[in-house]
Amino acid sequence: MTFEGIDGSGKTTQAELLADALRAEGRTVVTTREPGGTELGERIRELLLSGSAVAPWAEAALFAAARAQLVDQVIAPAIRDGGDVVCDRYLDSSLAYQGIARRLGVEHVLELNLRATRGLLPDRTFLVLIDPDQAAARSRTLDRIEREGLDFQRDVDRAYRELAALFPNRITTIDGARPAEEIAKEVRDELRTFA
């Protein structure tokens, strides 16, 4: 399962709450964040989020590289061992940010990421939707991408909504303006119907 949404949407909180709920049921859970989760991924994270301007294709390639390492080193082994994987971001972030908002093309960015992940797609993606102004008010620190401003976050929000329309069988939208526990219950209920 993956959680997606603009920065400040509450996706990280929801990923943590789901992982905790699954562990409480006695399940083995591996959590990931992107970019990151491996030594290489953390180095790439530093470049992408703390550095200066990055060309759109370089950005897309770096995210894909971090994701490839994460799949190879963490996600695929966890799945192979029968665990549940809960990801705070995955390839839909690249489709939204680079494919649509940066206008590289969903199909091109998807192709790059399918190769990088060996075709590994999430069973279910929860897209936490919230007004970009409200999300900005929640954000405490600003990384390089967040510093691009509210207009860019609005572009990313529109991009995520477009992805939900393109992939309705895989992406479930969730109203992120509600209390965290209420959202978490909806996620768990949705997973029960999915299983």
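Let us look at the structure shown here. (Residues numbered from 1 in each chain as written. Predicted model: local features only at pLDDT ≥ 70, side-chain atom pairs only at ≥ 80, totals over all residues. Heavy atoms only, no water.)

Let's shift gears to the overall build of the protein. When helices and strands are counted, the protein shows eight helices and five strands. Here the C-alpha radius of gyration of the protein, 16 Å, is about what a compact globule of 195 residues would show, namely 16 Å. Along the first, second and third principal axes, the C-alpha atoms of the protein reach 45 × 35 × 30 Å. Sorting the 195 residues of the protein into buried and exposed places 49% on the buried side. In the protein, of all internal contacts separated by at least 6 residues, the share reaching a separation of at least 24 is 77%. Only carbon and sulfur atoms are counted for the fraction: they give 51% of the accessible area of the protein, which is about 9400 Å². Considering the protein, the positive charge centre built from 26 side chains and the negative charge centre built from 33 side chains are found 1 Å apart. (Helix = DSSP H or I, 4+ residues; strand = E, 2+ residues; numbered from the N terminus. Rg over C-alpha atoms; globule rule 2.2 N^0.38 Å. Buried < 20%, exposed > 50% of the residue type's maximum accessible area, 1.4 Å probe, protein only. Contact = heavy atoms within 4.5 Å. Areas by Shrake-Rupley, 256 points an atom, 1.4 Å probe, with all protein chains shown as cover. Lys, Arg positive; Asp, Glu negative; His and termini not counted. Charge placed at Lys NZ, Arg CZ, Asp CG, Glu CD.)

This part takes up the sheet that holds strand β3 (residues 84–88). In spatial order, the strands read β2-β3-β1-β4-β5; together these five strands make up an open sheet with parallel pairing. Pairing within the sheet leaves two strands with one partner each, and these edge strands are β2 (29–33) and β5 (171–175). Adjacent strand axes in the sheet meet at a mean angle of 20°, parallel and antiparallel pairs treated alike. Summarising the sheet, strand β1 (residues 2–4) and strand β4 (residues 125–129) pair through three bridges and their orientation is parallel. Each bridged residue has a counterpart across the sheet, and for Thr2 the counterpart in β4 is Thr125. (Pairing = 2+ DSSP bridges. Axes fitted to C-alpha atoms, helices over the stretch in contact; angles between N-to-C directions.)

It is worth spelling out the layout of surface pockets at this point. Counted as a void, the largest pocket has a volume near 850 Å³. If you go around the largest pocket, you meet 33 residues; those closest to its centre are Asp7, Gly8, Lys11, Thr12 and Glu146. At the level of secondary structure, the elements contributing two or more residues to the lining of the largest pocket comprise α1 (11–24), α2 (39–50), α3 (56–80), α4 (91–101) and α8 (180–194). Here the residues of the lining of the largest pocket sort into eight nonpolar, twelve polar and 13 charged. Considering only enclosed or pocket space, the second largest pocket measures out at about 450 Å³ in volume. If you go around the second largest pocket, you meet 23 residues; those closest to its centre are Met1, Asp84, Val85, Asp123 and Leu191. (1 Å grid on protein atoms, 1.4 Å probe; cavity = no way out; pocket = protein on both sides within 12 Å on 5 of 7 lines; lining within 4 Å. Points joined across faces, edges and corners; volume = space filled by probe spheres on them. Nonpolar A, V, L, I, M, F, W, Y, C, P; charged D, E, K, R; others polar.)

What follows is about the side chain of Arg170. Within the fold, Arg170 resides in the loop between α7 (150–166) and β5. Owing to a relative accessible area of 12%, Arg170 belongs among the buried residues under this scheme. For Arg170, the side chain forms a polar contact with the side chain of Asp92, separated by 2.7 Å. Setting aside its immediate chain neighbours within four residues, Arg170 contacts Asp92, Pro122, Asp123, Arg124 and Thr125. (Polar contact = N/O pair within 3.5 Å; in protein donor to acceptor, adjacent residues only side chain to side chain.)

You can see Arg89 is positioned in the loop between β3 and α4. In this structure, the C-alpha to C-alpha distance between Arg89 and Glu34, residues 55 residues apart in sequence, is 5.5 Å. With residues up to four places along the chain from it excluded, the contact list for Arg89 reads Phe3, Glu4, Gly5, Ile6, Asp7, Lys11, Glu34, Tyr97 and Tyr160. In terms of polar contacts, Arg89 uses its side chain to reach the backbone carbonyl oxygen of Gly5, at 3.1 Å. At 3.3 Å, the side chain of Arg89 forms a polar contact with the side chain of Tyr97.

Quick look at the nonpolar core now. By size, the foremost hydrophobic cluster in this structure holds 27 residues, and its most contacted members are Tyr97, Val156, Tyr160 and Leu163. Elements with a contribution of two residues or more to this core: α2, α3, α4, α5 (106–116), β4 and α7. With six residues, α7 is the single largest residue contributor to this core. If sequence neighbours within four positions are ignored, Tyr97 has contacts with Gly5, Ile6, Asp7, Arg89, Arg102, Ile145, Phe152, Gln153, Val156 and Tyr160. Counting residues in each nonpolar core, the second largest holds 14 residues, with Met1, Val128, Val187 and Leu191 among its members. (Core = buried A, V, L, I, M, F, W, Y, C linked by side-chain atoms within 4.5 Å.)

Given two aromatic rings, one states the distance between the centres and the angle between the planes to describe the pair. Per the counting criterion, the structure on display carries three aromatic pairs. On the basis of an interplanar angle of 25° and a centroid distance of 5.4 Å, the ring pair of Phe3 and Phe126 is categorised as stacked. In this pair, Phe3 sits in strand β1 while Phe126 sits in strand β4, placing the two residues 123 residues apart along the sequence. Cluster of aromatic residues (ring-pair linked, three or more members): Tyr97, Phe152 and Tyr160. If you follow Arg67 out to its NZ or CZ, it ends over the ring of Tyr90, 5.8 Å from the centre. Directly above the aromatic system of Phe167 lies the positively charged group of Arg170, at a separation of 5.2 Å from the ring centroid. (Phe/Tyr/Trp six-rings, centres within 6.5 Å; stacked < 30°, edge-to-face > 60°. Lys NZ or Arg CZ within 6 Å of the ring centre and 35° of its normal.)

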